[in-house]
Amino acid sequence: MNFVTELGLDSGLTAVVGAGGKKSTLYTVGTELDRAVLTTAVRIPRFDEHVAEIHETTDPVSTLESVREWPVGLVPGFEESRYLGYDLETIEEIAACPIPEAVLVKSDGARNREFKVPGEDEPRIPPAADRVLGVVSTHIVGKPLTEEYVHRPERVSALTGLESGEKVGIEDVATVLSSPNGTQKHVPKTAEYIPILNKVDDDTDRATAREIADRVLERSRADRVALTQLRGAEEPLVELRE
């Protein structure tokens, strides 16, 4: 199985949300395609080493006409050690351009944590997105609900009922991935929602991810859930649960 082709990431506009592998998803897909755009609707650390060209531009559509090497990164500017994000209308204009095969957009942040529930103004998903990948790290299961592992733990607590410091369980992850106030938040009605259970590194992780995936398939709008190992694996897609 090929991660990019199995999930249809080789065309259209894909938004990536959640925690525990968003940037790895963007970089993995970008290197698999002939003409991919990597961009963002929120702040993002420098990712120059993951693209062939990067352009800071307020006119990204015109900039695409001059691109010679792919994948290309498009951002509107740089401030305080991070690239800034485009407004959603501009991202949709990039996606409507016939030059790239696919456009991949980071639509929220998690400060390198394993798990999150979106904030009030998150995620920033373009209405024209063809699909939304909702990422969570399988390694969060068994970890305490603290800021060390979870971005905005108080929001996870409010959604799941977990108390601060309690261990995150399979049911808690399934709840967040299935809830319209969790990872499904702001997913357009016309977009496919694909949960991504990342960091499936061994048989124990795989068993955990399978149990989460099966619960999510029962409760959410998702028709399939991808189990992935996005760093260091020859093939990132471990299994596709449907």
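This text gives an overview of the structure that appears in the document.

Thresholds applied
Residues numbered from 1 in each chain as written. Predicted model: local features only at pLDDT ≥ 70, side-chain atom pairs only at ≥ 80, totals over all residues. Heavy atoms only, no water. Pairing = 2+ DSSP bridges. Helix = DSSP H or I, 4+ residues; strand = E, 2+ residues; numbered from the N terminus. Axes fitted to C-alpha atoms, helices over the stretch in contact; angles between N-to-C directions. Contact = heavy atoms within 4.5 Å. Patch = residues over 30% accessible without salt bridge, like charges linked within 9 Å, V, L, I, M, F, W, Y side chains within 5 Å. Areas by Shrake-Rupley, 256 points an atom, 1.4 Å probe, with all protein chains shown as cover. Salt bridge = Lys/Arg side-chain N within 4 Å of Asp/Glu carboxyl O. Lys, Arg positive; Asp, Glu negative; His and termini not counted. Charge placed at Lys NZ, Arg CZ, Asp CG, Glu CD. Buried < 20%, exposed > 50% of the residue type's maximum accessible area, 1.4 Å probe, protein only. Right-handed = clockwise from strand over helix to strand, strands pointing away.

1. Overview of the sheet that holds strand E6 (residues 78–79)
Piece 1. With respect to topology, three strands assemble into an open sheet ordered E3-E7-E6, the strand pairing being antiparallel. Sheet topology places strand E3 (44–45) and E6 at the edges, where each strand pairs with a single neighbour.

2. Let's talk about the sheet that holds strand E4 (residues 53–56)
Piece 1. The mixed open sheet is built from nine strands, whose spatial order is E4-E5-E2-E8-E1-E10-E12-E13-E14. The two strands at the open ends of the sheet, each matched to only one other strand, are E4 and strand E14 (237–241). Strand-to-strand, the axes of this sheet are offset by a mean angle of 20°, without reference to chain direction.
Piece 2. Pairing of strand E1 (residues 12–18) with strand E8 (residues 102–106), which is carried by five bridges, proceeds in the parallel orientation. If you follow Thr14 over to E8, its bridge partner there is Leu104.
Piece 3. Each of E1, strand E2 (36–40), strand E5 (72–75) and E8 is contacted by helix H4 (residues 88–96), which is oriented at about 160° to E8, the strand it contacts most.

3. A short note on a negative patch on the surface
Piece 1. A cluster of acidic side chains, namely Asp59, Glu65, Asp87, Glu89 and Glu93, defines a negative patch on the protein surface.
Piece 2. When its relative accessible area of 41% is taken as the criterion, Glu93 is described as partly exposed.

4. Some points on the pattern of salt bridges
Piece 1. Under the definition given, this model contains 16 salt bridges.
Piece 2. Glu79 is the salt-bridge partner of Arg43, the closest N and O atoms lying 2.6 Å from each other. One end of the pair, Arg43, is in the loop between E2 and E3; the other, Glu79, is in strand E6, with 36 residues separating them in the sequence.
Piece 3. Of the charged contacts in the structure, one is a salt bridge between Glu120 and Arg155, with a shortest N-O distance of 3.7 Å. Of the two residues, Glu120 is situated in the loop between strand E9 (115–116) and strand E10 (131–137) and Arg155 in helix H5 (residues 153–160); the sequence distance between them amounts to 35 residues.
Piece 4. Take Glu120: its relative accessible area is 62%, and that puts it in the exposed class.

5. Here we look at the pairing of strand E13 (residues 225–228)
Piece 1. Of the two faces of E13, the one lined by Val225 and Leu227 and the one lined by Ala226 and Thr228 are each fully buried.
Piece 2. Pairing geometry for strand E12 (residues 192–198) and E13, over two bridges, is parallel. Across the sheet, the residue bridging to Leu197 is Leu227, located in E13.
Piece 3. Assessed by its sense of winding, the connection that carries the chain from E12 through helix H7 (residues 203–219) to E13 is right-handed.
Piece 4. Pairing of E13 with E14 involves four bridges; the strand directions are antiparallel. Residue pairing across strands places Ala226 opposite Leu240, the latter belonging to E14.

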